[in-house]
Amino acid sequence: MQTKPRVVVGLSGGVDSSVAAKLLIDQGYEVIGMFMKNWHDETVTISNECPWMEDSTDAMLVAEKLGIPFQAIDLSEEYRERIVDYMFSEYKAGRTPNPDILCNREIKFDIFLKAAQKLKADFVATGHYCQKGEIEVDGKPVYQLLAGADPNKDQSYFLCQLSQEQLSKALFPIGHLQKPQVREIAKAADLITAEKKDSQGLCFIGKVRLPEFLQQQLKPKKGKIIQIPENLEVYQTLQIPAGIEPSDWDDAVLDAVSLPIHYSSDQGKVLGEHNGAHYFTVGQRKGLQVGGTGKPLFVISTDTQENVIYTGLGEDHSGLNRFGLFVKKNEIHWIREDLALKLGESAEYVARIRYRQPLSKATLIMRKNGLYVIFENAQKGIASGQFVAWYQGDECIGSGTIF
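Conventions adopted
Residues numbered from 1 in each chain as written. Predicted model: local features only at pLDDT ≥ 70, side-chain atom pairs only at ≥ 80, totals over all residues. Heavy atoms only, no water. Pairing = 2+ DSSP bridges. Helix = DSSP H or I, 4+ residues; strand = E, 2+ residues; numbered from the N terminus. Axes fitted to C-alpha atoms, helices over the stretch in contact; angles between N-to-C directions. Buried < 20%, exposed > 50% of the residue type's maximum accessible area, 1.4 Å probe, protein only. Salt bridge = Lys/Arg side-chain N within 4 Å of Asp/Glu carboxyl O.

Peer 1: Would you mind showing me how to read the sheet that holds strand E9 (residues 269-274) here?
Peer 2: Sheet strands associate in pairs through backbone hydrogen bonding, adopting either a parallel or an antiparallel arrangement. Spatially, four strands are ordered E9-E8-E11-E10 in an open sheet, and the strand pairing comes out mixed. Looking at which strands have only one partner, the edges of the open sheet turn out to be E9 and strand E10 (297-303). Between one strand and the next, the sheet's axes are offset by a mean angle of 30°, whatever the strand orientation. The sheet contact formed by strand E8 (residues 223-227) and E9 spans five bridges and is antiparallel. Across the sheet, the residue bridging to Lys224 is Glu273, located in E9.

Structure (structure tokens):
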């Protein structure tokens, strides 16, 4: 008699993972619920209640209701090493990390997956709004990461760093559903999480205030806010050359369009003071506390070495909008390894540089030092350290860390 495939579901204490577990039971899997405790430093949570304890209890009650085994696993040490320390070092370097993407690659589909495999699991499942496809290339199975059916909730961007090996072991049971349908299923099954609000915190940490969280390690330090004029000479070189295909551009043009601009204090005027350049990110407009500028001010660059924030007036400012970005060679990740570009090759895709951003047409160009992504339309607030993900239709093909 064939045994049922065993799957460990990451029960977060939310409605999505609860319904994921329910659907897997209905599909005939042997299901185990597991709660990941990734954080227990109460000094940085927003509310007095203990979010992970509440979530853990909800996860346990869901498992009880569904009649499946349940256990909690403490991954806080690994989470600190792989996610929190990474966030601190990135902010310190003036880059903007994306802990959720890293959490999926390093925690849920690595450490958690290994813990599940110790329980002889065939798969791990999460409540992500994305889907998995399988095709054959040269006689071998190739796994596809596909967008979730609910366009408002599609979370494929957060999984853009997964490998073929990780995808082969992953299940996304709710990816084909709309959010209201998920809540309906939870209600019909009388699950305690049916009406529970979606969590807004960091991946599996809960309700954390990021600035306070960072201030523990990165102390406030007064510095200048400088306004850069719109007519800076360097902006002239950012224009897209007319009549030439991006793949025919030389490296100097690609670099001018794609690499971050380095500003100096003498290029603009001092508008005020800030509490630390490492608390700000490119594209940010809140928190500058500078009034009387007419149009809104946006951060166009941060210099954590000199502790200076450079700003531009209005959302059309040339310093805020760029046509290209660059990904270093060792930061390029192909989910579809069979589609990886070789040196000198280029390809047309659609891409996004942040979650929920509409996809934009882009040309990917592989050169010796790395990958250039050139957009048809200028992108606002391209921030170093964030991830660019490229798609073919609904399928996420690859991603990379923005230089």
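Peer 1: How should I be thinking about unusual backbone geometry in this particular structure?
Peer 2: The phi torsion of most residues other than glycine is negative, and most of the peptide bonds are trans. Its identity is not glycine, yet Lys120 carries a phi of approximately 60°, on the positive side. Assignment of secondary structure puts Lys120 in the loop between helix H4 (99-118) and strand E4 (123-125). Look at Lys120 and you get exposed, because its relative accessible area is 64%. Even without being a glycine, Asp190 presents a positive backbone phi close to 60°. Structurally, the position occupied by Asp190 is in the loop between helix H6 (179-188) and helix H7 (210-215).

Peer 1: Hey, could you run me through the sheet that holds strand E3 (residues 70-74) in this one?
Peer 2: Strand order across the open sheet formed by five strands is E3-E2-E1-E4-E7, with parallel pairing between neighbours. Two strands bound the open sheet, and with one partner strand each, they are E3 and strand E7 (170-171). Inspection of the sheet shows strand E2 (residues 30-37) paired to E3 by five bridges, in the parallel sense. When the bridges of E3 are listed, Met34 appears paired with Gln71.

Peer 1: For this particular structure, what's the right way to read the pattern of salt bridges?
Peer 2: Side chains carrying opposite charge are able to pair once their charged atoms draw close together. Considering all chains together, one arrives at 21 salt bridges under this definition. Two residues, Glu106 and Arg82, come together in a salt bridge whose shortest N-O distance is 2.8 Å. With Glu106 in helix H4 and Arg82 in helix H3 (residues 76-92), the pair connects residues that are 24 residues apart, well separated along the chain. Its relative accessible area of 16% is what places Glu106 among the buried residues. On the accessibility criterion, Arg82 (29% relative accessible area) is partly exposed. Between Lys380 and Glu315 there is a salt bridge, with its nearest N and O atoms 2.6 Å apart. Taken together, the positions of Lys380 in strand E16 (residues 370-380) and Glu315 in the loop between strand E11 (308-313) and strand E12 (321-328) put the pair 65 residues apart, joining distant regions of the chain. Of the residues examined, Glu315 reaches a relative accessible area of 43% and is grouped as partly exposed. A network of salt bridges, in which partner residues are shared, links Asp16, Lys153, Lys179, Arg183 and Asp198.

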